[in-house]
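A closer look at the structure
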Amino acid sequence: MQKYAAACEQNAKYEEATLAYNRALELAKNSIHHSAERAFDFARIVTDNAKNFSPPQVKEFTQKALREISEASKEFASKEVRIKSNLASACLYFSKNDKLSASNSLRDAEKMYDKYQDELSEDVTLALAKSYSHLQKEDKSESILKQLVEEHGSDDNLMNQVDKFVEDPLSEQGKNRTQEIIKTGISYYNSE
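Attention in this report is confined to the structure presented alongside it. Remember, it's a predicted structure, so these values are computed and weren't measured experimentally.

To continue, consider the overall build of the protein. Across its full length, the protein holds ten helices and zero strands. Starting at the N terminus, the α and β elements of the protein follow one another as α-α-α-α-α-α-α-α-α-α. Per-residue burial over the protein gives 39% buried out of 192 residues. In the protein, the proportion of contacts linking residues at least 24 apart, taken out of those at least 6 apart, comes to 51%. Carbon and sulfur atoms make up 47% of the accessible area of the protein, which totals about 11,500 Å².

Per the counting criterion, the structure on display carries twelve salt bridges. Across the pair lysine 79 and glutamate 119 runs a salt bridge, and its minimum N-O distance is 2.6 Å. Placement of lysine 79 in helix α5 (residues 79-95) and of glutamate 119 in the loop between α6 (99-116) and α7 (122-134) is noted, with a sequence separation of 40 residues between them. In this structure lysine 79 comes out as partly exposed when scored by relative accessible area, which is 30%. By sharing partners, the salt bridges in this structure join Glu26, Lys29, Lys64, Glu68 and Glu71 into a single network.

Let's shift gears to the layout of surface pockets. One way to see where empty space is left: roll a probe the size of a water molecule over the atoms. Of the voids in this model, the largest pocket is the one considered here, and its volume is about 970 Å³. Along the wall of the largest pocket there are 26 residues; nearest its centre are Phe40, Asp41, Arg44, Asp48 and Lys130. Sorting the residues of the lining of the largest pocket by element identifies α1 (2-10), α3 (36-48), α5, α7 and α9 (156-165) as the ones contributing at least two each. For the lining of the largest pocket, the residue count by class is eleven nonpolar, six polar and nine charged. Its volume calculated, the second largest pocket comes out at about 160 Å³. Tyr113, Gln117, Asp118, Leu120, Ser121, Glu122, Thr125, Gln147, Leu148, Glu151 and His152 are the residues that line the second largest pocket. Mapped by element, the contributors of at least two residues to the lining of the second largest pocket are α7 and α8 (138-152). If you tally residues by element for the lining of the second largest pocket, the top one is α8, at four residues. Split into classes, the residues belonging to the lining of the second largest pocket amount to three nonpolar, five polar and three charged.

About the cut-offs
Residues numbered from 1 in each chain as written. Predicted model: local features only at pLDDT ≥ 70, side-chain atom pairs only at ≥ 80, totals over all residues. Heavy atoms only, no water. Helix = DSSP H or I, 4+ residues; strand = E, 2+ residues; numbered from the N terminus. Buried < 20%, exposed > 50% of the residue type's maximum accessible area, 1.4 Å probe, protein only. Contact = heavy atoms within 4.5 Å. Areas by Shrake-Rupley, 256 points an atom, 1.4 Å probe, with all protein chains shown as cover. Salt bridge = Lys/Arg side-chain N within 4 Å of Asp/Glu carboxyl O. 1 Å grid on protein atoms, 1.4 Å probe; cavity = no way out; pocket = protein on both sides within 12 Å on 5 of 7 lines; lining within 4 Å. Points joined across faces, edges and corners; volume = space filled by probe spheres on them. Nonpolar A, V, L, I, M, F, W, Y, C, P; charged D, E, K, R; others polar.

Rendered as structure tokens:
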């Protein structure tokens, strides 16, 4: 179901993707596949695609996502999950134009992030950057992404995630891939 959801998302079938991520989340409960990441995936698809839904759908999906990430935060009680839950909540609230709740959730996430920054994975830092971007705080997002590239430029997986998130690649690997694509395009153009 998770792969189907991802395929729907890639093909801009937003409502189907949202329903599929929700179904994957429900199926994972009481199984070995149950994780906080399922709730975060559902929250992300709702947040990323709220503009493609009707107001009643936004309200329904947002309420469901908020419940799921709240449950995940309680069930998988770790610093990282709590921070990511607050970040996801901030984005969900922002998507439904509840700026005060979004600001409060973001502030809670920032406090925890600042307190435990040295103990957190890069995944949490990337989630913070994505949240800043969604909340229209591009300067903060860019600063964090550049710091990730400087400190973890050799981590191909992380750099791939960073480059997927930005318009112009920040990592050397992404820049090299872009240059290769441009050279290939030029050679095709010149051969005609």
